[in-house]
Amino acid sequence: MTAPRIFIFGMGYTARALASHMAERAEWVRGTTRDGVNGTRVFDGAKVDPAIATDLAAATHVIVSVPPGEDDPVLATFAGMIAAAPELRWMGYLSSVAVYGNYGGAWVTERTTPHPKTERSVRRLAAERDWMKLAAARAIPLAVFRLAGIYGPGRNALVNLAEGKAHRIVKPSQVFNRIHVGDIAAALSAAAGQGTARTFNLADDLPAPPQDVVAYAAEIMGVSAPAEVPYATAELSPMARAFYADNKRVKNTKAKQELGWSPRFPNYRSGLDALWQSGTWRKA
(Lines give C-alpha, C1' and ligand atoms only; values in the text may rest on other atoms or scores of the structure.)
Protein backbone atom coordinates (compact mmCIF):
# COMPACT_ATOMS: atom_id res chain seq x y z
CA MET A 1 0.00 0.00 0.00
CA THR A 2 1.29 3.45 -0.87
CA ALA A 3 2.27 5.92 1.82
CA PRO A 4 -0.71 8.01 2.94
CA ARG A 5 -1.39 11.40 1.47
CA ILE A 6 -3.22 13.28 4.20
CA PHE A 7 -5.38 16.35 3.79
CA ILE A 8 -6.56 18.16 6.91
CA PHE A 9 -9.34 20.73 6.95
CA GLY A 10 -8.44 23.15 9.72
CA MET A 11 -4.73 23.14 10.53
CA GLY A 12 -5.19 24.43 14.05
CA TYR A 13 -3.55 23.41 17.30
CA THR A 14 -4.56 19.74 17.30
CA ALA A 15 -4.18 19.22 13.56
CA ARG A 16 -0.65 20.64 13.59
CA ALA A 17 0.31 18.10 16.25
CA LEU A 18 -1.20 15.34 14.12
CA ALA A 19 0.62 16.55 11.02
CA SER A 20 3.91 16.51 12.89
CA HIS A 21 3.19 13.04 14.27
CA MET A 22 2.38 11.56 10.85
CA ALA A 23 4.86 13.46 8.69
CA GLU A 24 7.54 10.76 8.59
CA ARG A 25 5.21 7.98 7.47
CA ALA A 26 3.19 10.04 4.98
CA GLU A 27 4.03 10.98 1.42
CA TRP A 28 2.63 14.40 2.27
CA VAL A 29 0.43 16.16 4.80
CA ARG A 30 -1.40 19.27 3.62
CA GLY A 31 -4.26 21.29 4.97
CA THR A 32 -6.20 24.51 5.23
CA THR A 33 -6.11 27.66 7.31
CA ARG A 34 -8.01 30.89 6.98
CA ASP A 35 -4.94 32.86 5.94
CA GLY A 36 -2.72 30.34 4.17
CA VAL A 37 0.18 30.57 6.62
CA ASN A 38 3.11 28.16 6.44
CA GLY A 39 2.18 26.86 3.01
CA THR A 40 -1.37 25.84 3.89
CA ARG A 41 -4.31 26.22 1.53
CA VAL A 42 -6.71 29.09 2.14
CA PHE A 43 -10.24 28.18 3.13
CA ASP A 44 -12.31 30.87 4.81
CA GLY A 45 -15.92 30.87 3.76
CA ALA A 46 -16.02 32.19 0.21
CA LYS A 47 -12.21 32.09 -0.08
CA VAL A 48 -11.25 28.71 -1.49
CA ASP A 49 -7.77 27.93 -2.77
CA PRO A 50 -8.15 26.08 -6.09
CA ALA A 51 -5.24 23.83 -5.06
CA ILE A 52 -7.56 22.13 -2.56
CA ALA A 53 -9.35 20.35 -5.41
CA THR A 54 -6.03 18.99 -6.69
CA ASP A 55 -5.03 17.86 -3.21
CA LEU A 56 -8.35 16.10 -2.60
CA ALA A 57 -8.09 14.27 -5.90
CA ALA A 58 -4.82 12.73 -4.69
CA ALA A 59 -5.54 12.37 -0.95
CA THR A 60 -5.85 8.94 0.63
CA HIS A 61 -6.91 10.30 4.03
CA VAL A 62 -9.08 13.30 4.89
CA ILE A 63 -9.33 14.65 8.43
CA VAL A 64 -11.72 17.40 9.48
CA SER A 65 -11.14 19.61 12.51
CA VAL A 66 -13.18 22.62 11.40
CA PRO A 67 -16.08 23.19 13.81
CA PRO A 68 -19.57 23.59 12.38
CA GLY A 69 -21.39 26.90 12.24
CA GLU A 70 -25.02 26.98 11.21
CA ASP A 71 -23.97 24.13 8.94
CA ASP A 72 -20.71 22.29 8.37
CA PRO A 73 -18.58 24.59 6.18
CA VAL A 74 -16.42 21.75 4.85
CA LEU A 75 -19.40 19.67 3.78
CA ALA A 76 -21.14 22.71 2.35
CA THR A 77 -18.19 23.45 0.06
CA PHE A 78 -16.38 20.17 -0.52
CA ALA A 79 -18.82 17.28 -0.08
CA GLY A 80 -18.90 16.63 -3.82
CA MET A 81 -15.11 16.70 -4.19
CA ILE A 82 -14.64 14.40 -1.21
CA ALA A 83 -17.29 11.98 -2.46
CA ALA A 84 -15.56 11.85 -5.84
CA ALA A 85 -11.96 11.62 -4.54
CA PRO A 86 -10.60 8.55 -6.35
CA GLU A 87 -7.76 7.69 -3.94
CA LEU A 88 -9.64 8.23 -0.69
CA ARG A 89 -9.55 5.31 1.74
CA TRP A 90 -10.27 6.80 5.21
CA MET A 91 -11.77 9.86 6.86
CA GLY A 92 -11.56 11.21 10.40
CA TYR A 93 -13.81 13.78 12.07
CA LEU A 94 -12.82 15.64 15.24
CA SER A 95 -15.81 16.22 17.49
CA SER A 96 -16.22 16.87 21.23
CA VAL A 97 -17.38 15.06 24.36
CA ALA A 98 -19.75 18.03 24.74
CA VAL A 99 -22.19 16.15 22.51
CA TYR A 100 -23.11 13.96 25.50
CA GLY A 101 -24.51 16.88 27.46
CA ASN A 102 -24.89 16.73 31.23
CA TYR A 103 -24.83 13.37 33.00
CA GLY A 104 -24.50 14.65 36.55
CA GLY A 105 -20.97 13.34 36.97
CA ALA A 106 -21.81 9.80 35.78
CA TRP A 107 -19.57 7.86 33.42
CA VAL A 108 -20.30 8.04 29.69
CA THR A 109 -19.14 5.73 26.90
CA GLU A 110 -19.63 5.74 23.16
CA ARG A 111 -22.85 3.80 23.76
CA THR A 112 -24.28 6.58 25.94
CA THR A 113 -27.10 8.49 24.29
CA PRO A 114 -26.01 12.07 23.49
CA HIS A 115 -28.36 14.82 24.58
CA PRO A 116 -26.47 18.05 23.87
CA LYS A 117 -27.95 21.21 25.34
CA THR A 118 -25.86 24.07 23.96
CA GLU A 119 -26.21 25.25 20.39
CA ARG A 120 -22.56 24.48 19.70
CA SER A 121 -22.81 20.88 20.88
CA VAL A 122 -26.10 20.33 19.04
CA ARG A 123 -24.33 21.42 15.85
CA ARG A 124 -21.40 19.12 16.62
CA LEU A 125 -23.67 16.11 16.88
CA ALA A 126 -25.48 17.06 13.68
CA ALA A 127 -22.14 17.40 11.89
CA GLU A 128 -21.05 13.96 13.10
CA ARG A 129 -24.18 12.46 11.57
CA ASP A 130 -23.77 14.35 8.31
CA TRP A 131 -20.21 13.08 7.93
CA MET A 132 -21.42 9.54 8.65
CA LYS A 133 -23.96 9.88 5.85
CA LEU A 134 -21.28 11.01 3.40
CA ALA A 135 -18.97 8.19 4.43
CA ALA A 136 -21.74 5.62 4.04
CA ALA A 137 -22.69 6.95 0.61
CA ARG A 138 -19.06 6.80 -0.49
CA ALA A 139 -18.44 3.45 1.28
CA ILE A 140 -15.39 4.92 3.01
CA PRO A 141 -14.57 4.19 6.67
CA LEU A 142 -15.04 7.18 8.97
CA ALA A 143 -13.78 7.48 12.53
CA VAL A 144 -15.34 10.11 14.78
CA PHE A 145 -13.23 11.31 17.70
CA ARG A 146 -14.99 12.93 20.65
CA LEU A 147 -12.29 14.95 22.36
CA ALA A 148 -12.09 16.02 25.98
CA GLY A 149 -10.50 19.33 27.00
CA ILE A 150 -7.30 19.71 24.98
CA TYR A 151 -4.01 20.85 26.50
CA GLY A 152 -0.33 20.65 25.62
CA PRO A 153 2.62 22.91 24.74
CA GLY A 154 1.52 26.54 24.83
CA ARG A 155 -1.98 25.69 26.01
CA ASN A 156 -2.16 24.59 29.63
CA ALA A 157 -2.65 25.68 33.22
CA LEU A 158 1.03 26.61 33.56
CA VAL A 159 0.70 29.18 30.78
CA ASN A 160 -2.51 30.51 32.30
CA LEU A 161 -0.79 31.03 35.64
CA ALA A 162 2.24 32.70 34.06
CA GLU A 163 -0.04 35.09 32.17
CA GLY A 164 -2.27 35.82 35.15
CA LYS A 165 -5.28 34.22 33.46
CA ALA A 166 -5.78 31.22 35.74
CA HIS A 167 -8.91 30.98 37.90
CA ARG A 168 -10.01 28.45 40.48
CA ILE A 169 -13.77 28.37 40.03
CA VAL A 170 -15.39 25.83 42.30
CA LYS A 171 -18.66 24.14 41.46
CA PRO A 172 -19.38 21.29 43.90
CA SER A 173 -18.96 17.80 42.38
CA GLN A 174 -17.95 19.26 38.98
CA VAL A 175 -15.35 17.26 37.05
CA PHE A 176 -13.88 17.31 33.56
CA ASN A 177 -11.66 15.03 31.53
CA ARG A 178 -8.70 16.33 29.60
CA ILE A 179 -6.49 14.99 26.81
CA HIS A 180 -2.93 15.88 25.89
CA VAL A 181 -2.64 16.95 22.25
CA GLY A 182 0.11 14.38 21.70
CA ASP A 183 -2.23 11.61 22.83
CA ILE A 184 -4.86 12.79 20.35
CA ALA A 185 -2.29 12.67 17.55
CA ALA A 186 -1.25 9.13 18.51
CA ALA A 187 -4.85 7.88 18.56
CA LEU A 188 -5.72 9.45 15.22
CA SER A 189 -2.56 8.05 13.67
CA ALA A 190 -3.45 4.56 14.90
CA ALA A 191 -7.01 4.82 13.57
CA ALA A 192 -5.85 6.14 10.20
CA GLY A 193 -3.30 3.35 9.89
CA GLN A 194 -5.92 0.71 10.65
CA GLY A 195 -8.65 2.27 8.51
CA THR A 196 -10.98 2.10 11.50
CA ALA A 197 -14.65 3.08 11.22
CA ARG A 198 -15.84 3.78 14.75
CA THR A 199 -16.68 6.53 17.22
CA PHE A 200 -14.09 6.97 19.96
CA ASN A 201 -13.86 8.99 23.14
CA LEU A 202 -10.37 10.44 23.51
CA ALA A 203 -9.88 11.45 27.12
CA ASP A 204 -7.48 10.86 29.97
CA ASP A 205 -8.03 8.38 32.80
CA LEU A 206 -8.72 10.91 35.56
CA PRO A 207 -11.75 13.19 35.48
CA ALA A 208 -10.95 15.93 37.97
CA PRO A 209 -12.24 19.28 39.29
CA PRO A 210 -10.77 22.16 37.27
CA GLN A 211 -9.57 23.99 40.39
CA ASP A 212 -7.36 21.02 41.26
CA VAL A 213 -5.52 21.31 37.94
CA VAL A 214 -4.70 24.97 38.59
CA ALA A 215 -3.57 24.18 42.13
CA TYR A 216 -1.24 21.46 40.87
CA ALA A 217 0.21 23.73 38.21
CA ALA A 218 0.91 26.34 40.88
CA GLU A 219 2.64 23.71 42.99
CA ILE A 220 4.89 22.76 40.08
CA MET A 221 5.79 26.39 39.44
CA GLY A 222 6.33 27.17 43.10
CA VAL A 223 3.78 29.99 43.13
CA SER A 224 0.60 30.66 45.04
CA ALA A 225 -2.57 29.34 43.51
CA PRO A 226 -5.37 31.83 42.87
CA ALA A 227 -8.06 31.97 45.51
CA GLU A 228 -11.07 29.75 45.00
CA VAL A 229 -14.16 31.49 43.61
CA PRO A 230 -17.62 29.95 44.02
CA TYR A 231 -19.26 29.21 40.69
CA ALA A 232 -22.45 30.96 41.77
CA THR A 233 -20.66 34.32 42.11
CA ALA A 234 -17.98 33.89 39.40
CA GLU A 235 -17.89 36.36 36.52
CA LEU A 236 -18.11 34.09 33.49
CA SER A 237 -18.92 34.60 29.84
CA PRO A 238 -22.01 32.79 28.54
CA MET A 239 -19.70 30.33 26.76
CA ALA A 240 -17.75 29.58 29.95
CA ARG A 241 -20.92 29.19 31.99
CA ALA A 242 -22.28 26.76 29.40
CA PHE A 243 -19.04 24.80 29.74
CA TYR A 244 -19.75 24.28 33.44
CA ALA A 245 -23.32 23.17 32.72
CA ASP A 246 -22.11 19.73 31.59
CA ASN A 247 -20.75 17.34 34.21
CA LYS A 248 -19.63 13.83 33.27
CA ARG A 249 -16.81 11.34 33.45
CA VAL A 250 -15.63 10.08 30.06
CA LYS A 251 -14.43 6.52 29.53
CA ASN A 252 -11.73 5.85 26.94
CA THR A 253 -11.82 2.04 27.11
CA LYS A 254 -12.98 1.55 23.51
CA ALA A 255 -10.04 3.46 22.06
CA LYS A 256 -7.65 1.44 24.21
CA GLN A 257 -9.14 -1.88 23.18
CA GLU A 258 -9.74 -1.27 19.48
CA LEU A 259 -6.83 1.01 18.56
CA GLY A 260 -4.16 -0.46 20.81
CA TRP A 261 -3.80 3.07 22.14
CA SER A 262 -3.17 4.22 25.66
CA PRO A 263 -2.62 7.82 26.73
CA ARG A 264 1.01 8.61 27.36
CA PHE A 265 -0.29 11.15 29.85
CA PRO A 266 -3.11 9.35 31.70
CA ASN A 267 -3.86 12.28 34.00
CA TYR A 268 -3.27 16.02 34.26
CA ARG A 269 -0.43 15.54 36.76
CA SER A 270 1.72 13.46 34.41
CA GLY A 271 0.92 15.80 31.52
CA LEU A 272 1.81 18.99 33.41
CA ASP A 273 4.91 17.38 34.92
CA ALA A 274 6.20 16.47 31.46
CA LEU A 275 5.48 19.93 30.04
CA TRP A 276 7.28 21.62 32.93
CA GLN A 277 10.28 19.30 33.06
CA SER A 278 10.82 19.41 29.29
CA GLY A 279 10.46 23.20 29.14
CA THR A 280 7.89 22.86 26.36
CA TRP A 281 4.99 24.25 28.38
CA ARG A 282 5.34 27.69 26.78
CA LYS A 283 5.74 26.48 23.19
CA ALA A 284 2.67 26.53 20.94
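The notes below deal with the structure included here. (Residues numbered from 1 in each chain as written. Predicted model: local features only at pLDDT ≥ 70, side-chain atom pairs only at ≥ 80, totals over all residues. Heavy atoms only, no water.)

### With respect to the overall build of the protein
Assigned secondary structure in the protein consists of 10 helices and 14 strands. Here the protein has a C-alpha radius of gyration of 19 Å; the compact-globule value for 284 residues is 19 Å, and the two agree. Its C-alpha atoms give the protein principal-axis dimensions of roughly 55 × 40 × 40 Å. For the protein, with 284 residues in total, the buried portion stands at 47%. Here the analysis covers contacts within the protein between residues at least 6 apart in sequence; of these, 79% occur between residues at least 24 apart. A gap of 3 Å separates the mean positions of the 33 positive and 25 negative side-chain charges of the protein. (Helix = DSSP H or I, 4+ residues; strand = E, 2+ residues; numbered from the N terminus. Rg over C-alpha atoms; globule rule 2.2 N^0.38 Å. Buried < 20%, exposed > 50% of the residue type's maximum accessible area, 1.4 Å probe, protein only. Contact = heavy atoms within 4.5 Å. Lys, Arg positive; Asp, Glu negative; His and termini not counted. Charge placed at Lys NZ, Arg CZ, Asp CG, Glu CD.)

### Some points on the nonpolar core
I8, I63, F145, L188 and L202 are the most contacted members of the largest nonpolar core, which has 34 residues in total. It is helix α6 (residues 181-194) that provides the largest number of residues to this core, a total of six residues. When residues no more than four places from it in sequence are discounted, the contact partners of I8 are A15, L18, A19, V29, R30, G31, T32 and I63. If you look at the next biggest cluster of nonpolar residues, it comprises 25 residues, including V74, M91, A135 and L142. (Core = buried A, V, L, I, M, F, W, Y, C linked by side-chain atoms within 4.5 Å.)

### Focus on the sheet that holds strand β1 (residues 5-9)
Strand order across the open sheet formed by eight strands is β4-β3-β2-β1-β5-β6-β8-β12, with mixed pairing between neighbours. At either end of the open sheet lies a strand with only one pairing partner, and these are β4 (47-48) and β12 (199-202). With six bridges connecting them, strand β6 (residues 90-96) and strand β8 (residues 142-147) associate as parallel partners. Note on β8: the bridge partner recorded for Y93 is V144. Most of the contacts of helix α1 (residues 13-22) go to β1, to which it runs at about 170°, and overall it touches β1, β2 (28-33), β5 (61-64) and β6. Its contacts with the sheet place helix α2 (residues 51-58) against β1, β2, β3 (41-44), β4 and β5, and it is angled at close to 135° to β1. (Pairing = 2+ DSSP bridges. Axes fitted to C-alpha atoms, helices over the stretch in contact; angles between N-to-C directions.)

### Concerning the side chain of N201
Within the element layout of this structure, N201 appears in strand β12. Within the structure, the side chain of N201 is placed 3.1 Å from the backbone oxygen of K251, a separation counted as a polar contact. N201 has contacts with Y100, V108, T109, E110, R146, V250, K251, N252 and A255, leaving out every residue within four places of it along the chain. (Polar contact = N/O pair within 3.5 Å; in protein donor to acceptor, adjacent residues only side chain to side chain.)

### Quick word on the pairing of β5
As a general feature of sheets, a regular strand has side chains that alternate between the two faces. Burial along β5 is two-sided: the face carrying H61 and I63 and the face carrying V62 and V64 are both buried. Inspection of the sheet shows β1 paired to β5 by four bridges, in the parallel sense. Residue pairing across strands places I6 opposite H61, the latter belonging to β5. With four bridges connecting them, β5 and β6 associate as parallel partners. Following the sheet pairing, I63 is matched in β6 by G92. The parallel pair β5 and β6, bridged by helix α3 (residues 73-84), forms a crossover whose chirality is right-handed. (Right-handed = clockwise from strand over helix to strand, strands pointing away.)

### Topic: α6
For α6, with 14 residues, the first-to-last C-alpha span of 20 Å sits near the 20 Å given by 1.5 Å per residue. For α6, the set of buried residues is V181, D183, I184, A185, A187, L188, S189, A191 and A192. (Expected span 1.5 Å × (residues − 1).)

### Side note on the packing of aromatic side chains
One pass over the full model with this rule turns up 13 aromatic pairs. Between F145 and F200 the ring centres are 6.1 Å apart and the planes differ by 25°, which places this aromatic pair in the stacked class. Here F145, found in strand β8, pairs with F200, found in strand β12; they are 55 residues apart in sequence, far enough to count as distant. Of the two residues, F145 and F200, neither departs from the other in class, the shared state being buried. Here the aromatic rings of W276 and W281 are separated by 5.4 Å at their centres, their planes lie at 35°, and the arrangement is tilted. Looking at W281, the relative accessible area reads 9%, which means it is buried. Three or more aromatic residues joined by ring pairs make a cluster, and in this case those are F7, F9, F43 and F78. Taking the ring centre of Y231 as reference, the NZ or CZ of R241 above it sits at 4.7 Å. (Phe/Tyr/Trp six-rings, centres within 6.5 Å; stacked < 30°, edge-to-face > 60°. Lys NZ or Arg CZ within 6 Å of the ring centre and 35° of its normal.)

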